[in-house]
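Residue-level listing of the chains:
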Amino acid sequence: MKGYVTKSLLFLACLFFLAMNVLAANPSSLADGAQLLKGSERIAVLNELGNIERKYGVRLAVVTVKTTNKVKIGDYANQLLDSTYTDGKNGNMVLLLAMDRHDWYVATDKAMKERISNKKGIPYLKDAFLPPLKDGHYAKAFAAYGQSSAKLLAYYQEKGKAYDPADAFSPLALVVALVLAAGCGVAFRPYLIG
């Protein structure tokens, strides 16, 4: 009986260490070191990020820290990206929020930069998540980060290139708008004169 208990404890210890290695190899997409989210908020954000990651084959991480220990926030985020979040086959991105500086940074690897450009994509993300972040609605901000990332990734999947608002400009639409404006002006002029 004593041998059975010892073998069972040894087996459980092996399972525990195996589980810890699996978790270390696949870190969570949400690392809330600053403890900004409640349990239900944490689950909602993890579900949001996980769905996007599975759909597009990327890694979208949100990391909050109390302090960056005097390391520049961009360097800190890039270190996280290079060391911890590397398993997205189509790219990796980290949103870092440092509470000591009340600052944020989005780091992307080379593959993700093809999908979400620094010039147009990151400002699009910022416009989505920064307003709720400034108001202290962290769960909403992180969900907005995920949802806006999904839109940019869907754009890339459909068009084969990173989002650029200039692509939405249509010279034909401009001509039609000018003709309609001129027509309305000509039609409205006699009314004003009368």
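Here goes a summary of the coordinates provided. (Residues numbered from 1 in each chain as written. Predicted model: local features only at pLDDT ≥ 70, side-chain atom pairs only at ≥ 80, totals over all residues. Heavy atoms only, no water.)

## Quick word on the overall build of the protein chain
Scanning the protein chain from terminus to terminus reveals seven helices and four strands. Taking all 194 residues of the protein chain together, the buried fraction comes to 36%. Taking the intrachain contacts of the protein chain between residues at least 6 apart in sequence as the baseline, contacts between residues at least 24 apart amount to 64%. (Helix = DSSP H or I, 4+ residues; strand = E, 2+ residues; numbered from the N terminus. Buried < 20%, exposed > 50% of the residue type's maximum accessible area, 1.4 Å probe, protein only. Contact = heavy atoms within 4.5 Å.)

## A word on a nonpolar patch on the surface
Together, Phe-188, Tyr-191 and Leu-192 make up a nonpolar patch on the protein surface, roughly 390 Å² of accessible area in all. Looking at where Phe-188 falls in the secondary structure, it is placed in helix α7 (residues 171-193). Accessibility expressed as a relative area gives 45% for Phe-188, which makes it partly exposed. (Patch = residues over 30% accessible without salt bridge, like charges linked within 9 Å, V, L, I, M, F, W, Y side chains within 5 Å. Areas by Shrake-Rupley, 256 points an atom, 1.4 Å probe, with all protein chains shown as cover. Salt bridge = Lys/Arg side-chain N within 4 Å of Asp/Glu carboxyl O.)

## Quick notes on the sheet that holds strand β2 (residues 59-65)
Reading across from one edge, β1-β2-β3-β4 is the order of the four strands in this open sheet, with mixed pairing throughout. Every other strand in the sheet has two partners, leaving β1 (30-32) and β4 (103-108) as the edge strands with one partner each. Between one strand and the next, the sheet's axes are offset by a mean angle of 10°, whatever the strand orientation. Across six bridges, strand β3 (residues 92-98) lies against β4 in antiparallel orientation. Bridge pairing in β4 links Ala-98 to Asp-103. The strands touched by helix α5 (residues 121-134) are β3 and β4; relative to β4, the strand with the most contacts, the crossing angle is about 150°. Across the face of the sheet, helix α6 (residues 138-159) comes into contact with β2 and β3 while running at roughly 160° to β3. (Pairing = 2+ DSSP bridges. Axes fitted to C-alpha atoms, helices over the stretch in contact; angles between N-to-C directions.)

## Side note on the side chain of Ser-117
By secondary structure assignment, the location of Ser-117 is in the loop between α4 (110-115) and α5. With relative accessibility at 16%, the residue Ser-117 sits in the buried group. Leave out the neighbours within four places in its chain, and Ser-117 touches Ile-122, Ala-162 and Tyr-163.

## Here we look at the packing of helix α2 (residues 39-56) against α6
Their axes nearest at 9 Å, the elements α2 and α6 cross at an angle of 10°. Taken together, α2 and α6 sit at an angle that is classed as roughly parallel. Here Glu-41, Val-45, Glu-48, Leu-49, Ile-52 and Tyr-56 of α2 lie close against α6, whose contacting residues are Ala-139, Phe-142, Ala-143, Tyr-145, Gly-146, Gln-147, Ala-150, Leu-153, Ala-154 and Gln-157. Tallied by class, residues from the contact of α2 with α6 come to 11 nonpolar, three polar and two charged. (Parallel < 35°, antiparallel > 145°, perpendicular 65-115°, else oblique. Nonpolar A, V, L, I, M, F, W, Y, C, P; charged D, E, K, R; others polar.)

## Focus: the side chain of Glu-53
Within the fold, Glu-53 resides in helix α2. Given a relative accessible area of 13%, Glu-53 falls into the buried group.

## Points about the pattern of salt bridges
If you walk through the whole model with that rule in mind, you get four salt bridges. The salt bridge involving Arg-42 is made with Asp-32; its shortest N-O contact spans 3.8 Å. Of this pair, Arg-42 sits in helix α2 while Asp-32 sits in strand β1, and the two are 10 residues apart along the sequence. Judged by its relative accessible area of 29%, Arg-42 is partly exposed. The salt bridge involving Glu-53 is made with Arg-59; its shortest N-O contact spans 3.8 Å. Put simply, Glu-53, Arg-59 and Asp-87 are held in one network by salt bridges that share partners.

## Describing α6
Relative to the 32 Å expected for 22 residues at 1.5 Å per residue, α6 spans 31 Å between its end C-alpha atoms, a close match to the ideal helical length. One or two steps after α6, the chain reaches Gly-160, where phi turns positive at roughly 80°. (Expected span 1.5 Å × (residues − 1).)

## Digging into unusual backbone geometry
Even without glycine at this site, Gln-35 takes up a positive phi of about 55°. Residue placement: Gln-35 occurs in the loop between β1 and α2. Relative accessible area serves as the criterion here: at 62%, Gln-35 is assigned to the exposed category. Positive phi values are uncommon outside glycine, yet Lys-70 reaches one of about 65°. Among the secondary structure elements, Lys-70 is positioned in the loop between β2 and α3 (73-83). The exposure class assigned to Lys-70 is exposed, which follows from its relative accessible area of 80%.

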